[in-house]
Amino acid sequence: MPKPTLAIVGATGAVGTIMRDVISRRDDVWGEIRLVASPRSAGRKLRIRGEEVTVQALSEEVFDGVDVAQFDLPDEVSAHWAPIAAANGVIVIDKSAAFRMDPDVPLVVPEANPEAVRDRPKGIIANANCTTLALIPTLAPLHAAFGLKSMTVASYQAASGGGKDGIDALYDQLSAIAGNRDIGFRAGDVRDALGEGADAAFGSPLALNVVPKVGGWKDDGWTSEELKVRNETRKILGLPSLAVSATCVRVPVVVGHSQAVHATFDSPVTVAQAHKLLADAPGVVLVDDPAAGRYPTPIDAAGLDDTFVGRIRSSLDFPNSLDFFVVGDNLVKGAALNSAQIAELLLPEFS
Ligand SMILES: NC(=O)c1ccc[n+]([C@@H]2O[C@H](COP(=O)([O-])OP(=O)(O)OC[C@H]3O[C@@H](n4cnc5c(N)ncnc54)[C@H](OP(=O)(O)O)[C@@H]3O)[C@@H](O)[C@H]2O)c1
């Protein structure tokens, strides 16, 4: 059998760029690879697997002969085009939020529920949100051993979670205030230094700041990101009643979503047990040596495949509970790598 044909749709974006890197450094399992984006990018030449490939504008014809398509597109563009690609016989792996909670679309993290790729009545498989993806490789083995009962999360999310526009906005803001040591002391002085438009990308300026709003506003004061952490964790772990409370915060970091987690289990759990389990868990690196000052940080996780966990403590006032800190690159495991792993789970279907 010839190797299957892959399309990367949204190949010019923040995730699409890392998707090309990830595919280029993994096993060479794909035959032809097509790069697709909006008509704005048609004709651009981008590198993948060491070769230049010309970007095509998204159309029904680009899916002719494609076996698997990686969709790295805004929600509304995926919502429109994924069913069209699937109707043409393409297996779509979608990274947007358009299909994640659809009961007929599996939401897959290979470390937790790889078998779910087989049950895809719509021909679409969803890739989880980047915040959830940083959590699951750590939560899945802890849940399997001790039974996850509830979780409270506070996130510290990178600017690149807002795509290439988010990355540009952070660098523009940092450039605008670089070397200015007189600001940050009085309310409004950072806004004045940044000028008009500094709220556009994140809702508030991000330079010298943290912003407790990621995603859009939903009912009762929750944000879409906070609801994604709750709903997607429940779906992936098969725990529809899991108690989850999340507060999602944007921080002035380029890549790497960090999360402070308080998790309660059905059974007693010790730090030593958690260390032993997580040291062997696939996709997880344990970085937890307080005496040596070793703990995970986003700048040490940037560009890497694994998720990192440390600061594991037994909760002082809550039985059967651990507190810990996880960090994962939102563009790598949080997007491109997870969906590359999903696609590789499909390979036996083409052999
Ligand atoms: N950033 C993250 O950390 C992250 C993590 C997990 C999941 N995701 C999800 O992944 C998806 C892509 O995010 P991103 O951060 O890569 O966004 P991005 O940097 O804004 O890139 C968007 C991509 O979509 C293409 N596109 C936009 N409108 C299009 C249209 N009408 N037709 C065809 N192509 C179109 C763009 O092509 P042009 O360059 O031609 O405009 C570009 O390639 C989103 O659904 C996002 O929620 C993002």
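Structural data are supplied above this passage.
A brief look at the structure comes next.

Here is what the cut-offs are and how they apply
- Residues numbered from 1 in each chain as written.
- Predicted model: local features only at pLDDT ≥ 70, side-chain atom pairs only at ≥ 80, totals over all residues.
- Heavy atoms only, no water.
- Buried < 20%, exposed > 50% of the residue type's maximum accessible area, 1.4 Å probe, protein only.
- Helix = DSSP H or I, 4+ residues; strand = E, 2+ residues; numbered from the N terminus.
- Pairing = 2+ DSSP bridges.
- 1 Å grid on protein atoms, 1.4 Å probe; cavity = no way out; pocket = protein on both sides within 12 Å on 5 of 7 lines; lining within 4 Å.
- Points joined across faces, edges and corners; volume = space filled by probe spheres on them.
- Nonpolar A, V, L, I, M, F, W, Y, C, P; charged D, E, K, R; others polar.
- Domains from an automatic or database assignment.

What follows concerns the pairing of strand E9 (residues 124-127). Burial along E9 is two-sided: the residues Ile124 and Ala126 and Ile125 and Asn127 are all buried. Inspection of the sheet shows strand E7 (residues 91-94) paired to E9 by 3 bridges, in the parallel sense. When the sheet's bridge partners are listed, Val92 is paired in E9 with Ile124. Inspection of the sheet shows strand E8 (residues 107-108) paired to E9 by 2 bridges, in the parallel sense. Each bridged residue has a counterpart across the sheet, and for Leu107 the counterpart in E9 is Ala126.

The subject of this paragraph is the layout of surface pockets. Rolling a probe over the atoms, with the probe sized like a water molecule, indicates the empty space that remains. Reported here for the largest pocket is a volume of approximately 1,300 Å³. Forming the boundary of the largest pocket are 50 residues, of which Leu73, Pro74, Gly161, Gly162 and Gly163 lie nearest the centre. Broken down by secondary-structure element, the contributors of at least two residues to the lining of the largest pocket are helix H1 (14-25), helix H2 (75-87), helix H4 (163-177), helix H6 (224-237) and helix H9 (332-345). Per-element tally for the lining of the largest pocket: the top contributor is H4, with 4 residues. Grouping the constituent residues of the lining of the largest pocket by class yields 16 nonpolar, 22 polar and 12 charged. No fewer than three residues from each of domain 1 (6-127 + 336-350) and domain 2 (132-158 + 210-330) sit in the lining of the largest pocket. Counted as a void, the second largest pocket has a volume near 170 Å³. Along its surface, the second largest pocket is lined by Ala97, Arg100, Met101, Lys218, Ser224, Leu227, Lys228, Asn231 and Glu232. Among the residues forming the lining of the second largest pocket, the class breakdown is 3 nonpolar, 2 polar and 4 charged. No fewer than three residues from each of domain 1 (6-127 + 336-350) and domain 2 (132-158 + 210-330) sit in the lining of the second largest pocket.

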